[in-house]
Amino acid sequence: MTEATDQPRKTKQSLGTILGLLILVVLVAGLTPSAMKLFGQIQFKQRYDEIIAILDSWETPPPGADPEEWENCWDATSTATANVCFSNNLVTQAEMDRLLQDMQDRQDAPNSWSRLEWYWHRLAETGPHGKKYITNFEYLWNDGASPEHQLTPP
């Protein structure tokens with residue numbers, strides 16, 4: 001082949017390469033926000049799962065606690081966690097990180113009413129949604145608690 005007949009093929013290959021790169025740039029630019037959102041949701045869910053795992057480890061009543069009363073209050077707390085920490089539109093990732101850290105700081109303490117009550121009130125500190133939920137649904141805890149374990153608003 002001569003150089004003259006080789007030139008159209010090289011031009012065609014160059015155009016194909018440029019077009020391929022242009023398509024790649026458009027795809028990456030378009031997918032990056034979606035990928036970032038998806039990564040944020042995955043990270044939020046991982047943090048939520050870690051919080052739930054710790055809360056689940058607190059399910060066993062402490063010594064001397066009435067098992068039915070403890071179960072009622074623990075169930076209310078578990079439900080509150082699911083409703084307060086429902087999505088990263090309601091609780092920020094940074095707040096989920098802080099909540100997990102606060103729970104980890106108390107993880108080695110023996111199971112107790114004070115720790116469960118602390119956590120209930122701590123949910124109210126996750127942001128406006130948490131405060132509203134805990135205030136509005138405190139009755140879920142109080143309906144199953146004895147007078148000595150009734151909550152007061154945060």
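Caption draft 1: Layout of the nonpolar core. In this structure, M103, Y119, L123 and W141 are the most contacted members of the largest nonpolar core, which totals 31 residues. Those elements that provide at least two residues to this core are helix 1 (3–57), helix 2 (67–84), helix 3 (93–106), helix 4 (113–123) and helix 5 (128–136). Not counting residues up to four positions away in its chain, the partners in contact with L123 are T77, A80, T81, V84, C85, L99, G130, K131 and I134.

Caption draft 2: Expanded view of a negative patch on the surface. A contiguous patch of negative charge on the surface is contributed by D56, E59, D66, E68, E71 and D75. Here the negative patch takes three residues from helix 2, the largest share from any one element. Secondary-structure assignment places D66 in the loop between helix 1 and helix 2.

Caption draft 3: The arrangement of the pattern of salt bridges in detail. Going through the model one piece at a time under the given rule, you end up with seven salt bridges. With its nearest N and O atoms 2.6 Å apart, the salt bridge here joins R47 to D97. A residue pair is termed long-range when its members are at least 10 positions apart, and R47 in helix 1 and D97 in helix 3 qualify at 50 residues. Two residues, E125 and R122, come together in a salt bridge whose shortest N-O distance is 3.9 Å. Each member of the salt-bridge network shares a partner with another, and the members are E95, R98, D102, R122 and E125.

Caption draft 4: Region of interest: the environment of W70. Along the polypeptide, W70 turns up in helix 2. Considering only alpha carbons, one finds W70 and G144, 74 residues apart in sequence, at a separation of 8.3 Å. In this view, W70 contacts W58, E59, T60, P61, P62, N111, S112, W113 and L116; residues no more than four positions away in its chain are not counted. A polar atom in the side chain of W70 sits 3.4 Å from the backbone oxygen of W58.

Caption draft 5: Examining the confidence of the model for the chain more closely. For the chain, the mean per-residue pLDDT works out to 85, and 77% of the residues sit at or above 70. Model confidence for the chain, summarised as mean pLDDT per element, is weakest for helix 1 at 73 and strongest for helix 2 at 96.

Caption draft 6: Summary view of the packing of aromatic side chains. Applying the stated criterion across every chain yields a total of seven aromatic pairs. Considering the side-chain rings of W113 and W141, the 6.1 Å spacing of their centres and the 70° angle between planes classify their relative orientation as edge-to-face. One end of the pair, W113, is in helix 4; the other, W141, is in helix 6 (residues 138–142), with 28 residues separating them in the sequence. In terms of burial, W113 and W141 fall into one category: buried. Summarising the aromatic geometry, the rings of F137 and Y139 are spaced 6.0 Å apart at their centres and angled 40° between planes, so their arrangement reads as tilted. For Y139, a relative accessible area of 42% corresponds to the partly exposed category.

Parameters at a glance
Residues numbered from 1 in each chain as written. Predicted model: local features only at pLDDT ≥ 70, side-chain atom pairs only at ≥ 80, totals over all residues. Heavy atoms only, no water. Core = buried A, V, L, I, M, F, W, Y, C linked by side-chain atoms within 4.5 Å. Buried < 20%, exposed > 50% of the residue type's maximum accessible area, 1.4 Å probe, protein only. Helix = DSSP H or I, 4+ residues; strand = E, 2+ residues; numbered from the N terminus. Contact = heavy atoms within 4.5 Å. Patch = residues over 30% accessible without salt bridge, like charges linked within 9 Å, V, L, I, M, F, W, Y side chains within 5 Å. Areas by Shrake-Rupley, 256 points an atom, 1.4 Å probe, with all protein chains shown as cover. Salt bridge = Lys/Arg side-chain N within 4 Å of Asp/Glu carboxyl O. Lys, Arg positive; Asp, Glu negative; His and termini not counted. Charge placed at Lys NZ, Arg CZ, Asp CG, Glu CD. Polar contact = N/O pair within 3.5 Å; in protein donor to acceptor, adjacent residues only side chain to side chain. pLDDT = per-residue confidence, 0-100. Phe/Tyr/Trp six-rings, centres within 6.5 Å; stacked < 30°, edge-to-face > 60°.

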